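Coordinate analysis (summary)
Given next are the chains, with one letter for each unit.
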Amino acid sequence: MARQTNGTNQGLLSASTLSALYGSSRLAISLWLNTTFAADDDILLELSTNSNSNAGTFKIIANESSSGTFWIDVVGDIGKTAASIPSPSNSAWHHILINVEFANSALTEIESWYVDGSAQTMTKVYVNNNNTGTFGNYTLYVMSRANSSLFADGAIADLCIWAPSSAISSGDAATLAGGARANTVRNSEIAYYWPLLGNSSPEPATIGGVDLTVNGATSGSDPAALAASALTPLPWLRF
């Protein structure tokens, strides 16, 4: 299964704040994505109602309008650091893995970005900052800003956030892109994992204890590469 959104008024949001991220300087984010990369600033993931105004946050934009690129930024105790890459192909499933670390210098706060298991060459933006803070205790919004604007269209599957002791490796990125479920990679360091196997609300967190409330997002098919056998749906999630 996956969750499909219409780009107008559908998304998901965490049922409470993601307290397990609070105080961590390092995160890794993994998801499968199928969308249209139009230059419209639509948001795939955002920690807090508006990360531009809140320290200890991040957001991922499918296609940032001023640059026409796939974009992530993090906002720390000093300011914003951002990186971008060329957008992958439209209307096709892609695996995305991003490592971020506030304890690094500004140039490397966004440590690495993998698409379909391949390391991307990033263009760094706002690199005059040198954050030393940690991530905050905020709600996570999926495929929108604050469940009220910048709704993204497309499908998302197998969403995972680690608070790891070190970056998720290139080998693990290749394993995930090859179809392994995220809960098979460094399981003990996963803060939250949502396999997105449901067809109703909420979407259970199988790790982390904070479900995702569904705002109109419909169920859809997982990417063909994703190993369906790696995670058996719970009985109440079956059709």
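Criteria and cut-off values
Residues numbered from 1 in each chain as written. Predicted model: local features only at pLDDT ≥ 70, side-chain atom pairs only at ≥ 80, totals over all residues. Heavy atoms only, no water. Helix = DSSP H or I, 4+ residues; strand = E, 2+ residues; numbered from the N terminus. Rg over C-alpha atoms; globule rule 2.2 N^0.38 Å. Contact = heavy atoms within 4.5 Å. Areas by Shrake-Rupley, 256 points an atom, 1.4 Å probe, with all protein chains shown as cover. Core = buried A, V, L, I, M, F, W, Y, C linked by side-chain atoms within 4.5 Å. Buried < 20%, exposed > 50% of the residue type's maximum accessible area, 1.4 Å probe, protein only. Pairing = 2+ DSSP bridges. Axes fitted to C-alpha atoms, helices over the stretch in contact; angles between N-to-C directions. Polar contact = N/O pair within 3.5 Å; in protein donor to acceptor, adjacent residues only side chain to side chain. pLDDT = per-residue confidence, 0-100. Arc of directions from axis to C-beta. Phe/Tyr/Trp six-rings, centres within 6.5 Å; stacked < 30°, edge-to-face > 60°.

In this section: the overall build of the protein. Each helix and strand in the protein was counted, giving 1 helix and 16 strands. The globule rule puts the C-alpha radius of gyration for 239 residues at 18 Å, and the 16 Å found for the protein is close to it. With respect to the three principal axes, the spread of C-alpha positions in the protein is 50 × 35 × 35 Å. For the protein, long-range pairs separated by at least 24 residues make up 68% of all intrachain contacts whose partners lie at least 6 apart in sequence. Surface summary for the protein: the accessible area is close to 8,700 Å², and the carbon and sulfur share equals 50%.

Let's shift gears to the nonpolar core. Grouped together as the largest cluster of nonpolar side chains are 44 residues, with contacts concentrated most on Phe58 and Trp194. Broken down by element, this core gets its largest block of residues, 4 residues, from strand E3 (residues 26–34). With sequence-adjacent residues up to four places away left out, Phe58 is seen in contact with Leu27, Ile29, Leu45, Glu46, Leu47, Ser51, Asp73, Val74, Phe135 and Leu140. In this structure, Leu176, Ala182, Val185 and Ile190 belong to the second largest nonpolar core, which totals 13 residues.

With that settled, the discussion passes to the sheet that holds strand E11 (residues 123–125). As summarised here, the arrangement of the 8 strands in space is E11-E7-E6-E5-E4-E12-E2-E15, forming an open sheet in which the pairing is antiparallel. Looking at strand neighbours, the two that pair on one side only are E11 and strand E15 (212–215), the edges of this open sheet. Going across the sheet, the axis of each strand differs from the next one's by a mean of 15 degrees, ignoring polarity. Looking at chain direction, strand E7 (residues 80–85) and E11 are connected through 3 bridges and run antiparallel. Across the sheet, residue Ala82 finds its bridge partner in E11, namely Val125.

Here the residue pair Ser201 and Pro202 is connected by a cis peptide bond, since its omega of 5 degrees sits within 30 degrees of zero. At Ala146, a residue that is not glycine, the phi angle is positive and equals roughly 55 degrees. Assignment of secondary structure puts Ala146 in the loop between strand E12 (140–142) and strand E13 (153–162). Note on Ala146: relative accessible area 22%, which makes it partly exposed.

For the rest of this paragraph, the subject is the side chain of Asp73. Within the secondary structure layout, Asp73 lies in strand E6 (residues 69–75). Reaching out from Asp73, the side chain makes a polar contact with the side chain of Trp71 at a distance of 2.8 Å.

With that settled, consider the pairing of strand E1 (residues 2–6). Here 3 bridges tie E1 to strand E16 (residues 218–220), and the two strands are oriented antiparallel to one another. Looking at E16, one finds that Gln4 is bridged to Thr218. Direction of pairing for E1 relative to E13: antiparallel, over a ladder of 4 bridges. Looking at the pairing, Arg3 lines up with Ile156 of E13.

Another aspect to go through is the confidence of the model for the protein. Close reading of the predicted structure is inappropriate where its pLDDT is low. Mean pLDDT over the protein: 93, with 95% of residues reaching 70 or higher. Across residues 232–239 the pLDDT falls below 50, and counting only partners more than four positions away or on other chains, this stretch makes 11 contacts in the model.

Here the focus is helix H1 (residues 170–177). Taken together, the buried positions of H1 are Ala173, Leu176 and Ala177. Buried residues of H1 fall within an arc of 95 degrees about the axis and therefore sit on the same side. Where H1 is buried, its residues meet E3, strand E8 (94–101), strand E9 (110–115) and E13. Gly179 occupies a position one or two residues after H1 and carries a positive phi of about 120 degrees.

Moving on, we get to the side chain of His94. Considering the arrangement of structural elements, one finds His94 in strand E8. Here the side chain of His94 touches Ser89 through a polar contact of 3.0 Å, landing on its backbone oxygen. Polar contacts involving the side chain of His94 include one to the side chain of Asp116, which spans 2.9 Å.

Turning our attention to the packing of aromatic side chains. On inspection of all chains with the given rule, the structure shows 5 aromatic pairs. Between Phe37 and Phe70, the ring centres sit 5.2 Å apart and the planes meet at 65 degrees, which makes this aromatic pair edge-to-face. Of this pair, Phe37 sits in the loop between E3 and strand E4 (43–47) while Phe70 is found in strand E6, placing the two residues 33 residues apart along the sequence. Of the two residues, Phe37 and Phe70, both sit in the buried class. Aromatic pair Phe58 and Phe135: ring centres 6.5 Å apart, planes at 75 degrees, arrangement edge-to-face. Remark: Phe135 occurs in the loop between E11 and E12 and Phe58 occurs in strand E5 (residues 57–64); sequence separation between them is 77 residues. Side by side, Phe58 and Phe135 carry an identical accessibility label, which is buried.

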